[in-house]
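Fold and geometry: a report
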Amino acid sequence: MGTNGSTMLEPLRQGLPPLDPAAVSNSASCALPARLEAVREARQFTRKTLGQWDVGDRFDDVCLVVSELVTNALRHALPSSARDTDEQDAPVRLHLMRWTSRLVCAVRDPSHDGPVAGDSDDFSAESGRGLFLVDSFADSWGWHPLAGTLSGKVVWALFLLPAGPVCAE
């Protein structure tokens, strides 16, 4: 494919593709506390939710991407003062939305800074690969700042889902 790291991550600042909110067939969200253990909670929530929805063979892809997006939000988008705060204060929120042939996972956090890919080309490294994994497993992704009374940003990933019975096109 020959895609280098800089062009791979170019679509960062883009809003979601036009998806009619009225056509959402399923949606679910959960608030996540400012603790790294919340990544496990996000995975469990995602597995339980996807288990109720028909997402075909995208189940593992979505779970992996949710883990990466939540990890990035907790590691990089929270001020250090927000970590280990009161359990009631949940600055990160995971949203899962399913249309007939698409699923979006979106993670909201309080930072205004866009996500930045690690500059490591070492794919055996333990960190710094999150956005490369998101780019590899999601069909598209991006981020946009929140507007109105909410501050921060949303980082989203979109997955195309199998459309029921296979038919020739």
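Residues numbered from 1 in each chain as written. Predicted model: local features only at pLDDT ≥ 70, side-chain atom pairs only at ≥ 80, totals over all residues. Heavy atoms only, no water.

**A short note on the confidence of the model for the protein**
Parts of the prediction with low pLDDT should not have their coordinates interpreted in detail. Confidence in the prediction for the protein averages 80 pLDDT; 75% of positions are at 70 or higher. Mean pLDDT values over the elements of the protein span from 43, in helix 1 (residues 5–8), up to 96, in helix 2 (residues 38–52). Residue range residues 84–88 is modelled with pLDDT below 50. Its contacts to residues more than four positions away, or to other chains, number 5 contacts. Taken as a whole, residues 165–169 scores under 50 in pLDDT and shows 0 contacts with residues more than four places along the chain or in a different chain. (pLDDT = per-residue confidence, 0-100. Helix = DSSP H or I, 4+ residues; strand = E, 2+ residues; numbered from the N terminus. Contact = heavy atoms within 4.5 Å.)

**Regarding the pattern of salt bridges**
Evaluation of the coordinates by the stated rule reveals 5 salt bridges. Linking R35 and E41 is a salt bridge whose minimum nitrogen-to-oxygen distance equals 3.2 Å. The salt bridge involving D109 is made with K153; its shortest N-O contact spans 2.9 Å. With a gap of 44 residues between them, D109 in strand 3 (residues 102–109) and K153 in strand 5 (residues 153–160) connect regions that are remote in the sequence. When salt bridges that share partners are traced, they join R35, E37 and E41 into one network. (Salt bridge = Lys/Arg side-chain N within 4 Å of Asp/Glu carboxyl O.)

**A short note on the side chain of R58**
In this fold, R58 is placed in the loop between helix 2 and helix 3 (59–76). By relative accessible area, R58 is classed as buried at 11%. Within the structure, R58 has its side chain in polar contact with the backbone oxygen of L160 (distance 3.0 Å). The residues touching R58, leaving out its near neighbours within four places in the chain, are F137, A138, D139, F159, L160 and L161. (Buried < 20%, exposed > 50% of the residue type's maximum accessible area, 1.4 Å probe, protein only. Polar contact = N/O pair within 3.5 Å; in protein donor to acceptor, adjacent residues only side chain to side chain.)

**Some thoughts on the packing of helix 3 against helix 4 (residues 130–137)**
Between two packed helices, the angle of one axis relative to the other and the distance separating the axes together describe the packing. Remark: helix 3 packs on helix 4, axes separated minimally by 9 Å, with the N-to-C direction vectors making an angle of 150°. The angle between helix 3 and helix 4 falls in the class roughly antiparallel. When you trace helix 3 past helix 4, the crossing you get is left-handed. Contacts between helix 3 and helix 4 involve D61, L64, V65, E68, L69 and N72 on the former and, on the latter, G130, L131, L133, V134 and F137. Its residues assigned to classes, the contact of helix 3 with helix 4 comprises 7 nonpolar, 2 polar and 2 charged. (Axes fitted to C-alpha atoms, helices over the stretch in contact; angles between N-to-C directions. Parallel < 35°, antiparallel > 145°, perpendicular 65-115°, else oblique. Left-handed = near helix turned anticlockwise from the far one by under 90°. Nonpolar A, V, L, I, M, F, W, Y, C, P; charged D, E, K, R; others polar.)

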